[in-house]
Amino acid sequence: MAYFIQRLLSMAVTLFLISIITFTVTNILPGDVAMMIMGTQSNPAALANLRENLGLNDPLVYQYGRWIFGMLTGDWGNSLLFKQPIGPIILQKMTASALIVLLSMTIALTLAVPLGVWSAVYKNRWQDTASSSVSILGVSLPDFFWGIMLILLFARALGWFPSSGFVHPNEDFLMALKHAFLPSLALGLGLMAHLTRMTRATMTGILSQEFIRVARAKGLAEKTVIWQYGLANAIGPVMTVAGLQMGYLFGSIIVMESLFNYTGMGWLTYQALLNRDMPLIQATVFVIAAVVMLVNLIVDLLYPFFDPRIQLK
Amino acid sequence: MSIFKKFLNFKGIIGITLVLCVVLIAIFAPLIIPPEFATKMDMRARLSPPNMAHWMGTDQLGRDLFYRVMLGARTSINIATSAVLMSLVIGLPLGLVSGYFGGRTDNVLMRLVDTLLSFPALLLALTISAVLGPNLQNTIIAIGIAFTPYLARLIRGEALRVAQMPYVEAARSSGATNSRLIIGHVLPNIMPVVIVQSTISLAFAILAEAGLSFLGLGTQPPEASWGLMIQASRDYLDRAPWTALVPGTAVALTVLGLNMFGDVLRDVLDPRSQS
């Protein structure tokens, strides 16, 4: 419990720093919100008036205070692009992205763990070389390139999956999965590479330990030795790396959702950046950083579940 | 002798060959190929498949893909190298100071670095690029800043380890100053890790540049860039898949080469991590 409270406190400090960085970076923008609302050709007097009304003449510290107070009390302001309150938009897009993030992580883990174990068991044999080649190819291709290839193959040539769009899971779950599948697969293939390498490295270390030799010596089936004795000990570090990959994933969804016109958080961030929708940029960047941090916290808290020897202090 | 031998395995040879080829193309292609070759439009030969006149086919404006992909090498290598150098220039002193002195300096600096690490690198790079206005120079700055926290974190860990070594202690007791200890004793001993990480960062920087340009927030037309070429190919995938395959393969081969080279470099320079 003490550990949990300590982590929460440290999270609050990090969130505060994240908000400062977000606010600072977005305020280097030339031109301000008033200019964006009224356009560059607008009447200077009206512009000055609007600036005063929006509080853009106040010192930056005041503006920051107002912004962070709004964020904390649920008033996230209005998007200039969509002309709607930001909070509900982000909530809806987050649901869409959660589907992609979870699906791609599932795809990556289901492929990477067996492949990594296989590699470690047949270390330095052809099976190992084959799996290493697959994973090095996975990291080397940009994920949007995977995306394009998957569109060509599964959407255009075979017609199995739609190549763009988003369906909300509440409307039609199967269709939602179909729309999310190709972008998730493209992301999963990129993720898989790192996870395979991690699984292989951890498994190699564990398979060379004494208790594995003992398990073999007392006549346990090789299957039990590898999956129950070996993998049970290797899964902790693999899950930690998977948690850390969440950050990478939340960066990649910006490219992937734009490619597939999948209207989730990544697509929203991209639209905000392209149209210089300042309040929306601030909110999306802040929310993504906060979510990445939260996911890492959850992985840390789940660690004893994967490895009962670990106690959180 | 033994060091050279270690490079001569399958992975090493392929990695070095690929990296060497791309670097040579990046340096010499712009000197040999007249710039108009890559911008000359031939509307009658739009989206033509690979043939004798155009080895790799043409794009939607009838421009020769072979020349464009060759010239794109310079853009990619240029941006990736400058960005990684920039993150080294900021991250190396930061990590060294943080790891060497420890204590409060370390706490404050690493807190900042950890916060920056909560921002996905691509998101940070995209935001910086959008804020500064996308062009070649700002793409370098954006990727450079986005990569800095990763390097700083790694260098800090290494500096911390080396600073506790007996030989550093020995130098300190014989009266060496802090700056002399950092530059003369800590820095040279963390160089292997820095070199390996920089090589791997180069691979990531090339992917990041391609991603940024693909989204229109990196290199801007008419500059030839692999990411831009893939972006342009999106509308013609059905009729002309080669417009995506040519630049995509170029990115893949470059990153593949850098990754393999980095792996072998790690085995040679950093024997502790050998698997």
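Asker: Got a minute to help me understand the pattern of salt bridges in this structure?
Answerer: Side chains that differ in sign of charge can pair as their charged atoms come close. Counted according to the given criterion, the structure contains nine salt bridges over all chains. For A:Arg197, the salt bridge is made with B:Asp263, and the minimal N-O distance between the two is 2.6 Å. In this pair, A:Arg197 is assigned in helix H8 (residues 173–207) and B:Asp263 in helix H11 (residues 242–269), connecting two distinct chains. Taking the relative accessible area as the measure of exposure, B:Asp263 reaches 10% and is therefore buried. Across the pair A:Glu210 and A:Arg213 runs a salt bridge, and its minimum N-O distance is 4.0 Å. Note that A:Glu210 and A:Arg213 are positioned in helix H9 (residues 210–217) at a spacing of three residues, about one turn of the helix. With respect to burial, A:Glu210 and A:Arg213 carry one shared label: exposed.

Asker: Looking at this structure, I do not really get the packing of aromatic side chains. What am I missing?
Answerer: The geometry of an aromatic ring pair is captured by two quantities: the separation of the ring centres and the angle between the planes. All names here are of chain A. Going through the model one piece at a time under the given rule, you end up with 14 aromatic pairs over all chains. Ring plane angle 35° and centroid distance 5.8 Å describe the contact between phenylalanine 154 and tryptophan 160, whose orientation is recorded as tilted. For phenylalanine 154, a relative accessible area of 17% puts it in the buried group. Judged by its relative accessible area of 51%, tryptophan 160 falls in the exposed class. Chaining the aromatic ring pairs together yields one cluster made of Phe23, Tyr64, Trp67 and Phe286.

Asker: Help me out: how do you make sense of the interface of chain A and chain B in this one?
Answerer: Quoted interface sizes are often the accessible area lost when the parts come together. Each side of the interface is counted separately: chain A has 47 residues, and chain B has 38 residues. Here chain A packs against chain B, burying approximately 3600 Å² in sum over the two surfaces, 77% of which is carbon and sulfur. Our count for the contact surface shared by chain A and chain B stands at one salt bridge. For the pair chain A and chain B, the interface holds six residue pairs in polar contact (both at pLDDT 80 or more). By residue number, the principal contributor to the side of chain A that touches chain B is helix H1 (residues 2–26) of chain A, which donates nine residues.

Asker: Is there a simple way to explain empty space enclosed by the protein in this structure?
Answerer: Applying the stated criterion across every chain yields a total of one cavity of 30 Å³ or more. By volume, the largest cavity is sized at about 40 Å³. Lining the largest cavity are A:Ile21, A:Thr22, A:Val25, A:Thr26, A:Val285, B:Phe119, B:Leu124 and B:Thr127. Residue assignment for the lining of the largest cavity shows that the elements contributing at least two residues are H1 of chain A together with helix H6 (121–132) of chain B. Broken down by element, the lining of the largest cavity gets its largest block of residues, four residues, from H1(A). Across the lining of the largest cavity, the residue classes break down as five nonpolar, three polar and no charged.

Asker: Please explain helix H7 (residues 136–163) of chain B as it appears in this structure.
Answerer: Residue and element names in this part refer to chain B. Between the first and last C-alpha of H7 there are 39 Å, a value that for 28 residues agrees with the 40 Å anticipated at 1.5 Å per step. The largest bend in H7 is about 35°, located at threonine 148, with the proline proline 149 one to four residues further on. In this structure asparagine 135 caps H7, since a side-chain oxygen of it lies 3.1 Å from the backbone nitrogen of glutamine 137.

Criteria and thresholds
Residues numbered from 1 in each chain as written. Chains lettered and ligands numbered in written order. Predicted model: local features only at pLDDT ≥ 70, side-chain atom pairs only at ≥ 80, totals over all residues. Heavy atoms only, no water. Salt bridge = Lys/Arg side-chain N within 4 Å of Asp/Glu carboxyl O. Helix = DSSP H or I, 4+ residues; strand = E, 2+ residues; numbered from the N terminus. Buried < 20%, exposed > 50% of the residue type's maximum accessible area, 1.4 Å probe, protein only. Phe/Tyr/Trp six-rings, centres within 6.5 Å; stacked < 30°, edge-to-face > 60°. Contact = heavy atoms within 4.5 Å. Buried area = accessible area lost by both parts, 1.4 Å probe. Polar contact = N/O pair within 3.5 Å; in protein donor to acceptor, adjacent residues only side chain to side chain. 1 Å grid on protein atoms, 1.4 Å probe; cavity = no way out; pocket = protein on both sides within 12 Å on 5 of 7 lines; lining within 4 Å. Points joined across faces, edges and corners; volume = space filled by probe spheres on them. Nonpolar A, V, L, I, M, F, W, Y, C, P; charged D, E, K, R; others polar. Expected span 1.5 Å × (residues − 1). Bend = angle between axes of the 7 residues up to and from the residue.

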